[in-house]
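# Structural features, examined
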Amino acid sequence: MPFQIALNFEDGVTRFIDCRPDETVAEASYKTRINIPLDCRDGACGTCKSLCESGSYDGGNYIDEALTEEEAELGYCLPCQMTPRSDLVLRIASTSAAAKTGAAAHSTTLVDIQRYSPSTVGFTLDVDNREALYFLPGQYVNITVPGTDQTRSYSFSSGPGRRLVSFLVRITEGGAMSGYLAERAQLGDRLEFTGPIGSFYLRDLARPALFLAGGTGLAPLLSMLERLAQSPDGPPVHLLYGVTADQDLVHLDTLEDYAKVIPGFTFDHCVAEPTSSTRNKGYVTSLIDLTTLHGGDCDVYLCGPPAMVEAVRGHIASLGVTPASFHYEKFTPHAVLTGASR
Ligand code: FES
């Protein structure tokens, strides 16, 4: 039975390959015509060096010049030598174009539109050949807006295990997808997307995690929670969800449901508008302290607009804390930028 290997390239494109336990990741990759960087193929040069972010493997034989003991301890590995012992997620040190691949294209049918509030809409797609679509919880796709040549980036709000895939959209005046969903969308419409893309995905949780969502930045975190609900006995996860106005608060019932099935999961929310009827008025930074950060021994996953990402980074720095890892995704109406720091 082959394992599934996610190859995440520098440009965020992720390709998935099958790899048997008796073949190297490089062999499986080339068999699929994905040319990850290789030179000696013998564990001597270090050209193929990658970072394994999830899963277990046999590192194979190599010399110290190709991969030092310290690097191996940090999770670096040599795909020309390694054989998988589980599914893996690898960060490949090249772009997808350099590896002669790119984001996969998928055709879909619109099967549901959920109008959660005047500001927020969800929609659900039935993907043709669903078995060919793999993604990591937290990743996004570029969807072509029907009737236009424009694409918009949306994170999956559903987990990778579901047959149908869902997304959240903030309705913006004059927005291409907003206009389509408000005026023209009909169930049965055909939509195309490419992906998955992005390095903002859930890693194996080795310590408590703090999830931070701004507005529809909740979507990728919902996908992560769906994954966590499948193996709920991990470290505690606390989610803080901040929005501008009461009408932007959606999926609180979904979060409550997750709090019932994931023992270590808790959440809180806040609304920036002073006239809000919620208990917490203000920004998510007002809910982040040394306790929520476990004194720094936590992994932070943050998805929101650029101003929120910068405000949170500044606030955490002002507390004198450096989280064990900090993964973020900034989104604007037209672009997504992912990043991470340790
Ligand atoms: Fe030389 Fe892998 S290609 S060490």
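For the structure itself, look to the data block above.
About the thresholds
- Residues numbered from 1 in each chain as written.
- Predicted model: local features only at pLDDT ≥ 70, side-chain atom pairs only at ≥ 80, totals over all residues.
- Heavy atoms only, no water.
- Phe/Tyr/Trp six-rings, centres within 6.5 Å; stacked < 30°, edge-to-face > 60°.
- Helix = DSSP H or I, 4+ residues; strand = E, 2+ residues; numbered from the N terminus.
- Buried < 20%, exposed > 50% of the residue type's maximum accessible area, 1.4 Å probe, protein only.
- Lys NZ or Arg CZ within 6 Å of the ring centre and 35° of its normal.
- Pairing = 2+ DSSP bridges.
- Axes fitted to C-alpha atoms, helices over the stretch in contact; angles between N-to-C directions.
- 1 Å grid on protein atoms, 1.4 Å probe; cavity = no way out; pocket = protein on both sides within 12 Å on 5 of 7 lines; lining within 4 Å.
- Points joined across faces, edges and corners; volume = space filled by probe spheres on them.
- Nonpolar A, V, L, I, M, F, W, Y, C, P; charged D, E, K, R; others polar.
- Salt bridge = Lys/Arg side-chain N within 4 Å of Asp/Glu carboxyl O.

Below, the discussion takes up the packing of aromatic side chains. Applying the stated criterion to the full structure yields eleven aromatic pairs. Ring geometry for Phe156 and Phe193: centres 6.3 Å apart, planes at 80°, overall edge-to-face. Here Phe193 lies in strand S13 (residues 190-197) and Phe156 lies in the loop between strand S11 (151-155) and strand S12 (164-170), a separation of 37 residues in the sequence. The exposure class of Phe193 is buried, given its relative accessible area of 2%. Ring geometry for Phe200 versus Tyr301: centroids 6.1 Å apart, planes at 65°, classification edge-to-face. Of this pair, Phe200 sits in the loop between S13 and strand S14 (209-214) while Tyr301 sits in strand S17 (residues 299-304), placing them 101 residues apart in sequence. We note that Phe200, like Tyr301, is buried. Taken together, the aromatic side chains of Phe123, Phe135, Tyr154, Phe156, Phe167 and Phe193 make up a single cluster linked through ring pairs. Above the face of the Tyr30 ring, Arg41 is positioned so that its terminal group lies 5.0 Å from the ring centre.

This paragraph deals with the sheet that holds S11. In space, the six strands of this open sheet follow the order S11-S10-S13-S8-S9-S12, with antiparallel pairing throughout. Strands at the two margins of the open sheet, each flanked by one partner only, are S11 and S12. With direction set aside, neighbouring strand axes in the sheet form an average angle of 40°. Relative to S11, strand S10 (residues 140-144) is paired through five bridges, and the arrangement is antiparallel. Each bridged residue has a counterpart across the sheet, and for Asn142 the counterpart in S11 is Ser153.

Turning next to empty space enclosed by the protein. By the definition in use, this model includes one cavity of 30 Å³ or more. A volume near 30 Å³ is recorded for the largest cavity. Every residue along the wall of the largest cavity is listed here: Thr120, Arg170, Gly215, Thr216 and Asp248. Of the residues belonging to the lining of the largest cavity, the class tally is no nonpolar, three polar and two charged.

What follows deals with the pattern of salt bridges. Pairs can form between side chains of opposite charge once their charged atoms are near each other. Per the stated rule, a full pass over the model turns up 15 salt bridges. Here Arg203 ties to Glu53 by a salt bridge, and the two come within 3.2 Å at their closest N and O atoms. Of this pair, Arg203 sits in the loop between S13 and S14 while Glu53 sits in strand S3 (residues 50-54), and the two are 150 residues apart along the sequence. As a salt-bridge pair, Asp297 and Arg207 come within 3.4 Å of each other at their nearest N and O atoms. Of the two residues, Asp297 sits in the loop between strand S16 (265-271) and S17 while Arg207 sits in the loop between S13 and S14, which places them 90 residues apart along the sequence. By relative accessible area, Asp297 is classed as partly exposed at 45%. A relative accessible area of 25% places Arg207 in the partly exposed class. Through salt bridges that share partners, Arg20, Asp22, Glu23 and Lys31 make up one connected network.

Function cannot be read off these values alone, since they describe shape.
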